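Next come the chains, spelled out residue by residue.
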Amino acid sequence: MLFIRFHGCPLSCPWCDEPLHRDPAARRDWQAEELLAALRQLDPHLPFILLTGGEPLAVPGLAELVNFLKAQGYWLAMESSGVGGTIPEGIDWLTLSPKTALTEEIYQRANEIKYVIDTPPTARRSREIMQRAQQHGNVWVQPRADGQRDAAGREIIPPQALAGCLQLIRQSAGTIRLSLQTHKWAQLP
Ligand code: SF4
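Numbers given for residues are sequential positions, taken from 1 along each chain in its written order. Where local features are concerned, this predicted model is filtered to residues with pLDDT of at least 70; where side-chain atom pairs are given and counted, the filter is 80 or more; whole-chain, interface and lining totals use all residues.

1. Re the site of the ligand
In this entry, near means the residue's backbone-placed C-beta atom lies within 6 Å of the molecule or strand. Neighbouring the ligand are twelve residues, the closest being C9, L11, C13, C16 and S81. Gly counts as polar in this scheme, as do all residues outside two lists: the nonpolar Ala, Val, Leu, Ile, Met, Phe, Trp, Tyr, Cys and Pro, and the charged Asp, Glu, Lys and Arg. Along the lines of polarity and charge, the residues of the shell around the ligand split into four nonpolar, five polar and three charged.

Quick look at the structure:
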C-alpha cells in the first residue's frame with residue numbers, strides 16, 4: 001500500500017508519531033498531478049493508497065484529491081481521528097481512531113475502529129470500548145509506543161500498554177483484536 005501522510009492535526013496528542021505535525025515550516029504543498037507522479041514513481045502498478053496523518057480530514061481540498069485519485073483507479077483507505085471535517089464519499093475503507101467524543105454517524109461510517117491503549121483501562125473506559133465492540137463488530141486495540149527502543153533499534157511495546165490491550169481482548173472473549181504497528185518492528189520507514 002502507498003502511504004500519503006498529511007501534515008497537521010487539530011488535536012495535539014502528546015504521543016503523536018507524526019513528528020512534523022506541530023511544525024508549519026516543515027510543510028510541503030503538493031499539486032495533485034505532482035503527487036500522482038510521485039506515487040507512480042514509487043510503484044506504477046500498486047492500486048492501494050492509505051491517507052493518513054496528521055489528520056487527513058483537516059486537509060483543505062481533501063474531497064477534490066479523493067475524487068482525483070479515484071479517477072486514476074486507486075482504492076483509498078483513510079485513517080482518521082474523526083475530527084476536522086467530513087469523510088469524502090470516495091473513501092473505500094475508513095479506520096477510525098477516536099481520541100475525543102464523536103458522533104454516532106461517524107462510528108457507523110467506520111469500517112473498523114482502533115483504540116490506542118497506553119495502560120489498563122478504567123472500568124468506565126473498558127465498558128465504553130466493550131459496548132462499541134458489541135455494536136460495531138470490528139474493533140481493534142493497539143498498544144501505544146512511548147519511543148523506547150531495544151538494542152537492535154526496534155520500538156519496544158510498553159508492557160502496561162500491552163497489558164491494557166490484552167485485558168480488553170480477554171474481556172471481549174476475542175471480539176476485540178490486537179493491532180501491532182508491524183512496520184515498526186520490521187524497521188520499515
Ligand atoms: S489525532 Fe492522531 S494525528 Fe492528531 S495529534 Fe493525535 S495522534 Fe497525532
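Having put the structure on the table, let's press on.
2. Focus on helix α4 (residues 123-136)
Helix length check: α4 (14 residues) gives 20 Å between terminal C-alpha atoms against 20 Å at 1.5 Å per residue, within 8%. Every helix listed is a DSSP run of H or I at least four residues long, and every strand listed is a run of E at least two residues long, numbered separately from the N terminus. Two residues or fewer past α4, G137 is found with a positive phi of approximately 95 degrees. The span you would expect from a helix comes to 1.5 Å times its residue count less one.

3. So, the domain arrangement of the protein
Split by domain assignment, the protein resolves into domain 1 (1-86) and domain 2 (111-189). The domain limits used here are those given by an automatic or database domain assignment. Domain 1 and domain 2 are separated by 24 Å when their C-alpha centres are compared.

4. Quick look at the sheet that holds strand β5 (residues 112-117)
An order of β1-β2-β3-β4-β5-β6-β7 is seen for the seven strands of this open sheet, with the pairing classed as parallel. Since the sheet does not close on itself, it has two edges, and those belong to β1 (2-5) and β7 (177-178), each with one partner. Strand pairing is defined by DSSP finding a minimum of two bridges between the two strands. Taken together, the two bridges between strand β4 (residues 93-96) and β5 define a ladder with parallel strand orientation. Looking at the pairing, T95 lines up with E112 of β5. Contact criterion: two residues are in contact if their C-beta atoms, reconstructed from the backbone, are within 7 Å. Interaxial angle, 0 to 180 degrees, is taken between N-to-C directions of lines fitted to C-alpha atoms, where a helix line uses only the stretch in contact. Packing against the sheet, α4 makes contact with β5 and β6 (139-143), and its axis sits at approximately 140 degrees to β6.

5. Digging into the environment of I91
Within the secondary structure, I91 is located in the loop between β3 (75-80) and β4. Taking C-alpha positions, I91 is 31 Å from I157, a pair spaced 66 residues apart along the chain. In this structure I91 touches V66, L76 and M78, once residues within four positions along its chain are discounted.

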